[in-house]
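Here is what each chain is made of, one letter per residue.
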Amino acid sequence: MSLSLALLLAAAPPSVDYGNIQLPDPRAEAQARALMGELRCVVCQGQSIADSDADMAADMRGLVRQRIARGEQPEAIRKWLIERYGDYVSYDPPLSGATALLWATPILLLAIGAWIARSSFRKRR
């Protein structure tokens, strides 16, 4: 197979039906399902691509299964999808300037809650 044909096949999106068909190898399907659970649907935003019924999620599931079937590692596929769709596609975005607020918000909310609780307990005494 020529390099240009291989690149074309790698770039061609799978059909929507392929996104809903399991891989014949149970181990590969388990890897694909684990990865699909870690990726957010860019249409639904609140669901993983494993749970979403959106056509875009089916396309993404198809891409994941296609690449797993070719022997790619899940982490490499995850990185490729993040490069393609941005950090938002991952439920575990990397720490960067753009995602710092996402990582800091739970800590800030916990600190504010502790401060409010402490103030409330002091006033009762």
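Sequence order as written defines residue numbering, which begins from 1 separately in each chain. Restriction of local features to residues with pLDDT of at least 70 applies here, the model being predicted, together with a cutoff of 80 or more for giving and counting side-chain atom pairs; totals for whole chains, interfaces and linings are based on all residues. To get the side-chain values, all heavy atoms of the structure are used, and hydrogens and water are removed first.

Helical segments are the DSSP runs of H or I of at least four residues, strand segments are the runs of E of at least two, and each set is numbered from the N terminus. Structurally, the position occupied by Ile-49 is in the loop between helix H2 (26–38) and helix H3 (55–69). Throughout, exposure labels follow a simple rule: accessible area from a 1.4 Å probe, protein chains only, divided by the maximum for the residue type, with under 20% read as buried, over 50% as exposed, and the rest as partly exposed. Using a relative accessible area of 0% as the deciding quantity, one classes Ile-49 as buried. Note: C-alpha distance between Ile-49 and Gly-37 (twelve residues apart in sequence) is 6.6 Å. Should any heavy atoms of two residues lie within 4.5 Å, those residues are counted as being in contact. If near-sequence neighbours (up to four positions away) are discounted, Ile-49 is found in contact with Met-36, Leu-39, Arg-40, Cys-41, Ala-57, Met-60, Arg-61 and Val-64.

Salt-bridge detection follows one rule: a side-chain nitrogen of Lys or Arg within 4 Å of a carboxyl oxygen of Asp or Glu. The full count for this structure, using the stated rule, is five salt bridges. Between Arg-78 and Glu-75 there is a salt bridge, and its shortest N-O distance comes to 3.4 Å. Of the two residues, Arg-78 and Glu-75 are both situated in helix H4 (residues 74–85); the distance of three residues between them amounts to about one turn of the helix. Looking at Arg-78, the relative accessible area reads 11%, which means it is buried. Among the residues examined, Glu-75 registers a relative accessible area of 41% and is labelled partly exposed. Because the salt bridges share partners, they merge into one network encompassing Glu-29, Arg-33 and Arg-65.

The next thing to look at is the packing of H2 against H3. It is the contact of H2 with H3, at a shortest axis distance of 9 Å, that shows an interaxial angle of 140°. By the criterion of interaxial angle, the relationship of H2 to H3 is oblique. In this structure, H2 crosses over H3, and the sense of that crossing is right-handed. Residues Ala-28, Glu-29, Gln-31, Ala-32, Arg-33, Leu-35 and Met-36 of H2 touch H3, and the partners they reach there are Arg-61, Val-64, Arg-65 and Ile-68. By residue class, the composition of the contact of H2 with H3 is six nonpolar, one polar and four charged. Here the axes come from fitting lines to C-alpha atoms, over the contacting stretch only for helices, and the angles between their N-to-C directions go from 0 to 180 degrees. Throughout, the term roughly parallel applies to angles under 35 degrees, roughly antiparallel to angles over 145, roughly perpendicular to angles from 65 to 115, and oblique to all others. The hand of a helix crossing depends on one turn: near helix anticlockwise from the far one by less than a right angle means left-handed, and clockwise means right-handed. Any residue that is not Ala, Val, Leu, Ile, Met, Phe, Trp, Tyr, Cys, Pro, Asp, Glu, Lys or Arg is counted as polar, Gly included; the first ten are nonpolar and the last four charged.

Okay, the confidence of the model for the protein chain next. With 83% of its residues at a pLDDT of at least 70, the protein chain reaches an overall mean of 81. Confidence of the prediction at every residue is given by pLDDT, a number between 0 and 100. Of all helices and strands in the protein chain, the one with the weakest mean pLDDT is helix H1 (residues 3–11) (47), whereas H2 scores best (92). pLDDT under 50 marks residues 4–9. Its contacts with residues more than four places away, or in other chains, come to three contacts.

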